[in-house]
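Tertiary structure, described
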Amino acid sequence: MIRLSLLQFRVHAITALAAMAAFAILLAATGPHLASLYAASGISGCQPASCEHLASNFLQQLYAAGTYWVLYLLGVMLILVTPAVIGLFWGAPLIARELETGTSALAWTQSVTRTRWLTVKLTVGGLAAMAVTEGLSLMQAWWAAPIGRAVGHGGGGNYLAMGQFSSLVFATHGIAPLGYAAFGFVLGVTAGALIRRAVPAMAVTLAIFAVIQIATPLWIRPNLFPALRTVVAVTSLGSISLQQGGLDGSDFTLGAEALPGQPGAWLLSSGAVNAAGQPVRTTPAACTTPSVRNGPGFFPCLARHGIREAISYQPASRYWPFQWAETALYLALAVALAGCCFVRLNRRRT
Amino acid sequence: MSAAIQASGLGKRYRRTWALRDCTLAVPEGRVVGLVGPNGAGKTTLLRLAAGMLAPTCGTITVLGERPAAGPAQLARVGFVAQDTPVYARMTVSEHLRLGGWLNPGWDNGLAQQRIAKLGLDPKQRAGSLSGGQRAQLALTLALAKRPALLILDEPVASLDPLARREFLRGLMEAVAEHGLSVVLSSHLVADLERVCDYLVVLVASRVRVAGEVSALLASHHRLSGPRRDPGTRHPAGQEVITESHTDKQSNLLVRTNEPILDPAWTVKPVSLEDLVLAYMSRTGDDTPTRQQQLGVVS
């Protein structure tokens, strides 16, 4: 059964290897130059005071060069869509096509039970899906390593400045792509087994996968571990967004963009609180005079009136626990869906 | 005689419609059994249930004494050629034979190679580009080289031209003669079955209308024609009227009896298998639902 499965997987394998080879060539052609730019930027061995500046300059240089940020986003997008594409073109037809063409009557009346047939098919397809996606991810990680280091040094200012917890970076690096690949593939197989027609199954696979991929960073990932909370002085925040509104500037909102002393942390929410720890939106009367409000004295003024910034966040040290938890979640979903396929194939023969 | 296929109260429902309902039959082993009936009689459903492709909604079915597709050993003993003889369009002929070898412990590679050579199929040709007849032959080769004890074929020749049809059935008969396997073959064309079957089951609306050895069926059925008799006239005991038709002057009957026809008013002629099957297929009134309706009126 394994040999048959490999024989039938040939075309898929060739397509995947061709895509990976094309991606590898693209990265290999541009990666060394990217690395040399990084070496020339002076970030490695920088003095703590100048690191952030050098890193930002480096990212700005890449951004201005055009090619690199296009390649960067292209690579990230490729890794993001690969599990969906695999689910569509490998997963959905796996059972549905057999039923549509009637070859199920050939496949399932040889001296091999359906359970074994499906076990081998899911194993071969699932492992290949994981290998392809993780392979792309590792290639991209090698290529983008200088960008990651620059961001780690606090570089910012453009598209390239995405931290390890940002949706695009988190989902395309580490071990998370393994979980997405297995899930995407088995989702396609399950849709095909339930809908029994390949093309509608592909549409459903794409829709469900897209919804889950959007829901995960928004609602699921932030809650995998309880967020930490901290309250810091408004004057200690290096990077902050301030919005003032209302009549004569009586309202304000403060959004922290980085947590002091916690590089790489994932900020979930932030807002100003008063001395009692309650959220405030009203500017203290003493700080509303135009000269204070529009000048450098605004934050010290807020601080003098007991206003501080409350931040809920996930520390950088939780990166790998998050990766493991999310991968485990997706693998568990894949296993549950595979169980549905076995039940469907064996109990409800139609 | 043990049963190749034994069904009792067997039913298969798709949502609200029953494809097969309350079917009870026994198909003997060691025969070439023809399963014949009109479209929609439940032939395909019955055979797919027997091959383990479907699970029954109710009732039981055993094939060679076991539940269909109960395990690898049971699967190995049953060969199945589905309607339209599906094969993998993208795989070559020789890849199909490799598939058969990989998936069947009892695979007879010599038999498979020999058949392919005899048929003149190019091993490198993709199955998708084979003609309908060649595809059917490939599917039959796969099923035969598995060396099953029972071969189930669902309308294997329905879509073939007369020549391909004859070739297919000839190949089937050669294999039966050589390996002595049991065969159950469905068709709605009696002429196909007449050529190969020695046992016949007529299935109409899930019910077995008649079943028996072809020679015995032919010997016990007669066509009578003579002067008109009013419908409902009593016939001698032991004579069962299957169909009757009457004109102003003449009556034509098809009767089943194991005794000689003594009434000199009748001209007695033998029946063809086709006439016999058509007579049973057109006969009405012995369906269980009808009986139940009558009972309902009485109570």
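Calculation rules
- Residues numbered from 1 in each chain as written.
- Chains lettered and ligands numbered in written order.
- Predicted model: local features only at pLDDT ≥ 70, side-chain atom pairs only at ≥ 80, totals over all residues.
- Helix = DSSP H or I, 4+ residues; strand = E, 2+ residues; numbered from the N terminus.
- Rg over C-alpha atoms; globule rule 2.2 N^0.38 Å.
- Buried ≥ 20, exposed ≤ 12 C-beta atoms within 10 Å, placed from the backbone.
- Contact = placed C-beta atoms within 7 Å.
- Domains from an automatic or database assignment.
- Bend = angle between axes of the 7 residues up to and from the residue.
- Pairing = 2+ DSSP bridges.
- Nonpolar A, V, L, I, M, F, W, Y, C, P; charged D, E, K, R; others polar.
- Core = buried A, V, L, I, M, F, W, Y, C linked by C-beta atoms within 7 Å.
- Axes fitted to C-alpha atoms, helices over the stretch in contact; angles between N-to-C directions.
- Parallel < 35°, antiparallel > 145°, perpendicular 65-115°, else oblique.
- Left-handed = near helix turned anticlockwise from the far one by under 90°.
- pLDDT = per-residue confidence, 0-100.

Thoughts on the overall build of chain A
Helix and strand content of chain A: eleven helices and five strands. A compact globule built from 350 residues would reach a C-alpha radius of gyration of about 20 Å, whereas chain A, at 26 Å, exceeds it by more than 25%. Referenced to the eigenvectors of the C-alpha coordinate spread, the extents of chain A come out at roughly 85 × 45 × 30 Å. Every one of the 350 residues in chain A was classed for burial, and the buried ones make up 37%. In chain A, 79% of the contacts between residues at least 6 apart in sequence involve partners at least 24 apart.

Side note on the domain arrangement of chain B
All names here are of chain B. Each domain of chain B was delimited in the assignment, giving domain 1 (3-205) and domain 2 (222-298). In this structure, domain 1 and domain 2 have C-alpha centres spaced 34 Å apart. Taken together, the ten residues of domain 1 in the interface contact seven residues of domain 2. Secondary structure elements with two or more residues in the side of domain 1 that touches domain 2: helix H7 (190-196) and strand E8 (199-204).

Thoughts on helix H3 (residues 67-101) of chain A
In an α-helix, one turn spans 3.6 residues; hence positions three or four apart end up facing the same way. Where H3(A) bends most, the angle comes to about 55°, and this point is Pro93(A). One or two steps after H3(A), the chain reaches Gly102(A), where phi turns positive at roughly 80°.

Brief notes about the pairing of strand E12 (residues 250-256) of chain B
All names here are of chain B. Sheet topology note: the strand E10 (residues 221-227)/E12 ladder contains seven bridges and is antiparallel. Across the sheet, residue His221 finds its bridge partner in E12, namely Arg256. Looking at chain direction, strand E11 (residues 240-246) and E12 are connected through six bridges and run antiparallel. Of the residues in E12, the one forming a bridge with Thr243 is Leu254. Hairpin connection between E11 and E12: a loop of three residues separates the two successive antiparallel strands.

Quick look at the interface of chain B and chain A
Counting from both sides, the interface comprises 21 residues of chain B and, opposite them, 17 residues of chain A. The set of elements that each furnish at least two residues to the side of chain B that touches chain A consists of helix H2 (72-77) and helix H3 (93-103) of chain B. Grouping the amino acids of the side of chain B that touches chain A by side-chain chemistry returns 16 nonpolar, three polar and two charged.

Observations regarding unusual backbone geometry
One non-glycine residue, Arg196(A), lies in the positive phi region at around 70°. Examined against the element boundaries, Arg196(A) turns out to sit in the loop between helix H7 (176-195) and helix H8 (198-220). In the Ramachandran plot, Arg147(B) falls in the positive-phi region, its phi being about 55° despite a non-glycine side chain. Along the chain, Arg147(B) falls in the loop between helix H5 (132-145) and strand E6 (150-154).

Quick look at the domain arrangement of chain A
Residue and element names in this part refer to chain A. When cut into domains, chain A gives domain 1 (2-223 + 319-346) and domain 2 (228-314). In this structure, domain 1 and domain 2 have C-alpha centres spaced 39 Å apart. With six residues of domain 1 in contact, the opposing surface of domain 2 contributes five residues.

Considering the nonpolar core
Ala182(A), Val186(A), Val33(B), Ile152(B), Val184(B) and Val202(B) are the most contacted members of the largest nonpolar core, which has 162 residues in total. The element best represented in this core is H3(A), accounting for 15 residues. Sequence-distant contacts of Val33(B), that is, excluding residues within four places in its chain, are made with Val27(B), Val183(B), Val184(B), Leu185(B), Cys197(B), Tyr199(B) and Val201(B). Val280(A), Cys287(A), Phe298(A) and Cys301(A) belong to the second largest nonpolar core, which has nine residues in total.

What to know about the sheet that holds E11(B)
All names here are of chain B. Read from one edge of the open sheet, four strands run E11-E12-E10-E13, paired in antiparallel fashion. A single partner strand is all that each edge strand has here, and the edge strands are E11 and strand E13 (267-270). The sheet shows a mean angle of 20° between the axes of neighbouring strands, direction not considered. Of the pairings in the sheet, the one linking E10 to E13 comprises four bridges and is antiparallel in character. In the sheet register, His222 faces E13, and the bridge partner there is Pro270.

What about helix H1 (residues 43-50) of chain B?
All names here are of chain B. Among the eight residues in H1, eight count as buried, and that is most of the element. Regarding H1, the residues found buried are Lys43, Thr44, Thr45, Leu46, Leu47, Arg48, Leu49 and Ala50. At the C-terminal side of H1, Gly52 shows a positive phi close to 80°.

Describing the sheet that holds strand E4 (residues 266-273) of chain A
All names here are of chain A. Spatially, E1-E5-E4 is the arrangement adopted by the three strands of the open sheet, whose pairing is antiparallel. Each edge of the open sheet is held by one strand with a lone partner, namely strand E1 (228-233) and E4. Taking the axes of each pair of neighbouring strands and ignoring which way they run, one obtains an average angle of 25° across the sheet. Alignment of E1 against strand E5 (residues 308-314), held across six bridges, turns out to be antiparallel. Paired with Arg229 across the strands is Ser312, a residue of E5.

Considering the packing of H3(B) against helix H4 (residues 109-119) of chain B
Residue and element names in this part refer to chain B. Their axes nearest at 11 Å, the elements H3 and H4 cross at an angle of 160°. Considered as vectors, H3 and H4 are oriented roughly antiparallel to each other. As H3 packs across H4, the resulting crossing turns out to be right-handed. On H4, the residues that touch Val93, Leu97, Gly100 and Gly101 of H3 are Asn109, Ala112 and Ile116. Its residues placed into classes, the contact of H3 with H4 shows four nonpolar, three polar and no charged.

Notes on the environment of Ala82(B)
Looking at the secondary structure, you find Ala82(B) in the loop between strand E5 (78-81) and H3. Sequence separation between Ala82(B) and Thr44(B) is 38 residues; the distance between their C-alpha atoms is 8.7 Å.

As for the environment of Ala158(B)
Residues and elements named next belong to chain B. Turning to its location among the elements, Ala158 is positioned in the loop between E6 and helix H6 (162-179). In this structure Ala158 comes out as partly exposed when scored by C-beta crowding, with 16 C-beta atoms within 10 Å. Distance from Ala158 to Thr62, taken between C-alpha atoms, is 27 Å for residues 96 residues apart in sequence.

A closer look at the environment of Leu273(B)
Mapped onto the elements, Leu273(B) comes out in helix H9 (residues 273-282). Residues Leu273(B) and Leu218(B) lie 55 residues apart in sequence; the distance between their C-alpha atoms is 6.8 Å.

A word on the confidence of the model for chain B
Residue and element names in this part refer to chain B. On average, residues of chain B score 89 in pLDDT, and 94% of them reach the 70 mark or higher. Confidence drops under pLDDT 50 across residues 287-299; counting only partners more than four residues distant or on other chains, this segment forms four contacts. Under the prediction, the complex receives an ipTM of 0.88, its pTM being 0.91.

Side note on the packing of H3(A) against H7(A)
Residues and elements named next belong to chain A. Two elements in contact, H3 and H7, have axes separated by 7 Å at closest approach and are oriented at 30°. The orientation of H3 with respect to H7, classified from their angle, is roughly parallel. Two packed elements cross with a definite hand, and for H3 against H7 that hand is right-handed.

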